[in-house]
Structures are given as C-alpha cells and as structure tokens.
Amino acid sequence: MVRYRCKNCNYFFDSEKFQKKCPYCGKESVERELDAEGILKEISKT
C-alpha cells in the first residue's frame, strides 16, 4: 500500500489506488507521501 497526504487538511491515509479526493475533507489536494527510500531517490536525481 502507498501512503497519501491531503495538502489541505494534512490527513494521512493508506490506499492501493490513487484517489484525487481526500476521504476526510473532500478536497482534491491529495499527494503521494514519499517514504525514506523515495526521498533518497528524489534527492539523488538532482
């Protein structure tokens, strides 16, 4: 499962499928939350 975070209300949730709408506030401001490995990959790209 992947962890997601709503940029509007800062709600975290896990899901297998990407959702545009936050299940808590209903806004379309969801982004994927990177884990430690993902952050290191992101940094190494620059």
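Structure first, text after, so check above.
As the structure is a computational prediction, the values presented were derived from the model and not from experiment.

Some words on the pattern of salt bridges
Point 1. The tally for this structure, following the rule as stated, stands at 4 salt bridges.
Point 2. Asp 14 is the partner of Arg 3 in a salt bridge, and the nearest nitrogen-oxygen pair spans 3.2 Å. Residue Arg 3 is located in strand β1 (residues 2-6), and its partner Asp 14 is located in strand β2 (residues 12-15); the two are separated by 11 residues in the primary sequence.
Point 3. The shortest N-O distance in the salt bridge between Glu 31 and Arg 5 comes to 2.7 Å. One end of the pair, Glu 31, is in strand β3 (residues 30-32); the other, Arg 5, is in strand β1, and 26 residues separate them in sequence.
Point 4. Residue classification places Arg 5 among the buried residues on the basis of a relative accessible area of 18%.
Point 5. The structure contains a network of salt bridges with shared partners spanning Arg 5, Glu 31 and Glu 33.

So, how was this worked out
- Residues numbered from 1 in each chain as written.
- Predicted model: local features only at pLDDT ≥ 70, side-chain atom pairs only at ≥ 80, totals over all residues.
- Heavy atoms only, no water.
- Salt bridge = Lys/Arg side-chain N within 4 Å of Asp/Glu carboxyl O.
- Helix = DSSP H or I, 4+ residues; strand = E, 2+ residues; numbered from the N terminus.
- Buried < 20%, exposed > 50% of the residue type's maximum accessible area, 1.4 Å probe, protein only.

Function-wise, these values are silent; they only describe arrangement.
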